[in-house]
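Residue-level structural notes
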Amino acid sequence: MNMLRNITAGNPRALIRPVLYTTLANLIGIVPFVLLVEAIRLIFQTFTNPGTTLDTTRLWWVCGGIAVSLVLLYISEVPAYRAQYRIAYSAAADGRARLAEHLRKLSLGFLNKRDPGDLANMMMGDFTLLEHGISHLVPQMLGAIVMPLLALVGLSVLDWRMALSLFAALPVAILLLLLTTRLQRRLGAQHMRAKIDAANRFQEYLNGIHVIKAYNLSGERFARLEFSFKELMRQSIRLEGLLGPIVLTAIACIRAGLTFMVIVGVHLLLGGSLDLMTFVAFLIIGTRIFEPLTIALVGYAEFRYHEQAGERIVQLLQEPVMQGDRQPAAGHDIEFREVTFGYLEQPVLQNVSLSMPTGSFTALVGPSGSGKSTMLRLIARFYDPNQGTVTMGGEAIHAMDPEALLQKVSMVFQDVYLFQDTIANNIRFGKADATREEIESAARLACCHDFIMKLPDGYDTLVGEGGSTLSGGEKQRISIARAILKDAPVVLLDEATASLDPENEAEIQKAIDQLVQGRTVIVIAHRLKTVRHADQIAVLDQGQIVETGRHEELLSLNGLYARLWGRQHETGEWSISS
Ligand SMILES: Nc1ncnc2c1ncn2[C@@H]1O[C@H](COP(=O)(O)OP(=O)(O)OP(=O)(O)O)[C@@H](O)[C@H]1O
């Protein structure tokens, strides 16, 4: 049952209809052969019992029966075929959507540990294997067993000695496949790892192609990629090379059964304990069951490999999603209470406590790597703290429904991601049902209306993947327009570190001023001059808050903030973390 769960990505009921239809088609497929045996019996009767005449009426009926059963076989095969493919593709589409939805609900901590290539391969490659499993393998395998099983029962009634000799080697074939299950799984897993590794290397190669070109790394980088392709080739050859002989031996056992039956049949016939007609019936049916049995055995080996792909999907689907069903409280003040957190073993934030009242403007400053972005990620609940609590409106964020929490929070990060869609739709991500007027008014407030109107199709201009066709400043302003449209009471903002031209910088500052009005705002400030008027500035150093206060208070402390401020003035360099 577990195997069937795996091959259907946790939905074994998807197999019911394909298997039923295929079994029905296989049952109907037996009728012409039974009638064929009867036709041969009628014809042979005239030779074995001299003096009897050929029963032509019955023979015609048998011929008619064969014709009708072939038509019925065709009629039953059509729905079987349709059921197999339709259900396979719709089960895979549902499974892919389920997995994508599940990935969204998993913590980023978990996702960070998985290679993106691995997940992409699972989404496309593994589900394709399942499509093949549901449409071809399982129905054909189970359908192929029906005929030999019925033949075993029928032939045993006819002559148990002959039936025994025909099927004697079958258990050996099955045992051989079962005994090598572990080897098959190991080879399958190694092959799959090599496939994922090659996909990861290729993705890395594509993502880094501009760096590779810029630094002329093609030799070294390509060698890594080429190695992964060669490894995949080696594992493929190993898989086929070791599994092939096992399957061929299993098939040889079935062939041996047929030969053995012929020998036993001849022996019994010559000894007079087997009549010719029974022997002929065994010969016809014996050769007929060889094909489905071969399909079933080859299919089983293939099934084990496909099932492993399904197992990976089922395991990922069972990965616990972020818990919490509490709805956010009415208040929008945010508080860190003795929070300690690390992505891995090493804590990145240690015992951090900070209160950010509703409607206040808080700036987080500090050297690069001090934990500023991590604080924002904890507020958005991308991760849960290891110790301590982050609260919003007095409620612990880790007990809240993550989606309800994100309704309350707008985020503007440095690495703005725009989807391959129109500008209007990229802004609409802030509010799915926004009208064109609302989109334009948000774009005006975010100072992007003018540059959008200069684009060839205005708001309907298509943006390249990741926003590749826009400048950094333009992308940032579009993401601010998204946030303005979302109109969430809490704003998390990571100021751009990349140096922008003065015009862009002034425009972005105007856009940010619009966004933050009347909201609880937490800003990571790289240019201290932009947060001189913040309600409070928290200075982080090595994961701890070392100073808090307003600009003048912090300057008078003459501590880290004063040093950072002084350094920015001395060097005229406004970025402190790059
Ligand atoms: N996903 C991650 N996995 C593991 N470690 C991480 C991850 N993200 C950040 N870190 C580490 O956590 C520490 C704090 O990172 P964080 O991004 O919060 O610093 P920051 O103050 O925002 O730095 P910057 O100003 O350079 O953006 C750094 O040492 C960083 O290497």
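Residues numbered from 1 in each chain as written. Predicted model: local features only at pLDDT ≥ 70, side-chain atom pairs only at ≥ 80, totals over all residues.

If you check an unreviewed UniProt entry, the protein chain appears there as ABC transporter ATP-binding protein from Paenibacillus lutimineralis. For the protein chain, the Subcellular location (unreviewed entry) comment in UniProt is given as "Cell membrane". (UniProt positions renumbered as here; feature names shortened; annotations may be inferred.)

It is worth spelling out the overall build of the protein chain at this point. Broken down by element type, the protein chain carries 20 helices and 10 strands. Computed over the C-alpha atoms, the radius of gyration of the protein chain is 35 Å, more than 25% above the 25 Å expected from 2.2 N^0.38 for a compact globule of 578 residues. Taken along its principal axes, the extent of the C-alpha atoms in the protein chain is 125 × 50 × 45 Å. Relative to its full complement of 578 residues, the protein chain shows a buried share of 35%. Restricting to contacts in the protein chain with at least 6 residues of sequence separation, those with at least 24 account for 80%. (Helix = DSSP H or I, 4+ residues; strand = E, 2+ residues; numbered from the N terminus. Rg over C-alpha atoms; globule rule 2.2 N^0.38 Å. Buried ≥ 20, exposed ≤ 12 C-beta atoms within 10 Å, placed from the backbone. Contact = placed C-beta atoms within 7 Å.)

Right, let's get into the sheet that holds strand S5 (residues 395-396). Across a sheet, paired strands are connected by hydrogen bonds in the backbone, their directions being either parallel or antiparallel. Ordered in space as S2-S1-S4-S5, the 4 strands form an open sheet in which the pairing is antiparallel. Both outer strands of the open sheet, strand S2 (349-356) and S5, are each paired with one neighbouring strand and no more. In the sheet, strand S1 (residues 334-341) pairs with strand S4 (residues 387-392) via 5 bridges, with the strands oriented antiparallel. In the sheet register, Arg 337 faces S4, and the bridge partner there is Thr 389. (Pairing = 2+ DSSP bridges.)

The subject of this paragraph is the nonpolar core. Of all hydrophobic cores here, the largest spans 69 residues; its most connected members are Leu 364, Ile 379, Ala 481 and Leu 492. Among the elements that make up this core, the one with the highest residue count is helix H17 (residues 472-486) (6 residues). Formed jointly, this core draws a minimum of three residues from each of two domains, domain 2 (324-408 + 491-496 + 520-578) and domain 3 (411-487). Beyond its immediate sequence surroundings of up to four residues, Ala 481 is in contact with Ile 427, Ala 442, Ala 443, Ala 446 and Cys 448. (Core = buried A, V, L, I, M, F, W, Y, C linked by C-beta atoms within 7 Å. Domains from an automatic or database assignment.)

What follows deals with the UniProt feature "transmembrane region" (unreviewed entry) in the protein chain. Per the UniProt record, "transmembrane region" (unreviewed entry) is found at residues 20-44, 59-76, 137-158, 164-183, 242-270 and 276-300. What you have in residues 20-44 is 100% helix and 0% strand, and the ends, taken at the C-alpha atoms, are 37 Å apart. End C-alpha to end C-alpha, residues 59-76 measures 25 Å, and it is 100% helix and 0% strand.

Looking now at the domain arrangement of the protein chain. When its domains are assigned, the protein chain resolves into domain 1 (2-318), domain 2 (324-408 + 491-496 + 520-578) and domain 3 (411-487). For domain 2 versus domain 3, the distance between C-alpha centres works out to 27 Å. If you look at the interface, domain 2 gives 6 residues, while domain 3 gives 7 residues. Split into classes, the residues belonging to the side of domain 2 that touches domain 3 amount to 5 nonpolar, no polar and 1 charged. (Nonpolar A, V, L, I, M, F, W, Y, C, P; charged D, E, K, R; others polar.)

Before going further, it helps to examine the packing of helix H5 (residues 116-158) against helix H6 (residues 160-167). Contact geometry for H5 and H6: axes closest at 6 Å, N-to-C directions at 145 degrees. Across from Leu 152, Leu 155 and Ser 156 in H5, the residues of H6 making contact are Trp 160, Met 162, Ala 163, Leu 166 and Phe 167. Of the residues assigned to the contact of H5 with H6, the class counts are 7 nonpolar, 1 polar and no charged. (Axes fitted to C-alpha atoms, helices over the stretch in contact; angles between N-to-C directions.)

Before going further, it helps to examine helix H3 (residues 56-105). Note that an α-helix has 3.6 residues per turn; residues three or four places apart therefore point the same way. With 50 residues, H3 extends 72 Å between its outermost C-alpha atoms, agreeing within 8% with the 74 Å of an ideal straight helix rising 1.5 Å per residue. Listing the buried residues of H3 in full gives Val 62, Ala 80, Gln 84, Ile 87, Ala 88, Ala 91, Ala 92, Gly 95 and Leu 99. Buried residues in H3 make contact with helix H2 (16-48), H5 and helix H11 (276-318). (Expected span 1.5 Å × (residues − 1).)

Moving on: the pairing of strand S7 (residues 490-494). With 5 of 5 residues buried, S7 is to be regarded as a mostly interior element. Residues Val 490, Leu 492 and Asp 494 line one face of S7 and the alternating positions Val 491 and Leu 493 line the opposite face, and both faces are buried. Bridging between strand S6 (residues 409-412) and S7 involves 4 bridges; their strand directions are parallel. When the sheet's bridge partners are listed, Val 409 is paired in S7 with Val 490. Pairing of S7 with strand S8 (residues 520-524), which is carried by 5 bridges, proceeds in the parallel orientation. Bridge pairing in S8 places Leu 493 opposite Val 523.

The next point concerns the packing of helix H8 (residues 181-207) against H11. The geometry of H8 relative to H11 is characterised by a closest axis approach of 10 Å and an angle of 50 degrees between their N-to-C directions. It follows that H8 is oblique to H11 by the angle criterion. With respect to the hand of their crossing, H8 and H11 are arranged in right-handed fashion. Residue-level inspection shows Thr 181, Gln 184, Arg 185, Gly 188, Ala 189 and Met 192 of H8 in contact with H11, the latter providing Ala 301, Arg 304, Tyr 305, Gln 308 and Ala 309. (Parallel < 35°, antiparallel > 145°, perpendicular 65-115°, else oblique. Left-handed = near helix turned anticlockwise from the far one by under 90°.)

Now for unusual backbone geometry. At Arg 381, a position not held by glycine, the phi torsion is positive, near 60 degrees. Looking at the element boundaries, Arg 381 is found in the loop between helix H12 (372-379) and S4. A positive phi is found at Asp 487, a non-glycine position, where the angle reads about 60 degrees. With 13 C-beta atoms packed within 10 Å, Asp 487 lands in the partly exposed category.

All right, on to the environment of Val 153 then. For Val 153, the location among the structural elements is in helix H5. Assessed through the 11 C-beta atoms surrounding it within 10 Å, Val 153 is described here as exposed. Spatially, the C-alpha atoms of Val 153 and Ala 163 are 8.7 Å apart, while their sequence positions differ by 10 residues.

Glancing now at the environment of His 332. Within the secondary structure, His 332 sits in the loop between H11 and S1. Not counting the four nearest positions on each side in its chain, His 332 is found in contact with Thr 358, Met 392, Gly 393, Lys 408, Pro 489, Val 490 and Thr 520.

Our next topic: the sheet that holds strand S9 (residues 536-541). Across the sheet, 6 strands lie side by side as S6-S7-S8-S3-S9-S10; this open sheet has mixed pairing. Each edge of the open sheet carries a strand with a single partner, namely S6 and strand S10 (544-549). Adjacent strand axes in the sheet meet at a mean angle of 15 degrees when their direction is disregarded. Pairing of strand S3 (residues 361-365) with S9, which is carried by 4 bridges, proceeds in the parallel orientation. For Thr 362, the partnering residue across the bridge sits in S9 and is Gln 536. In this fold H12 packs onto S3, S6, S7, S8 and S9, with an angle of close to 150 degrees to the strand it touches most, S8. Sitting on the sheet, H17 touches S6 and S7, and the angle it makes with S6 is about 175 degrees.

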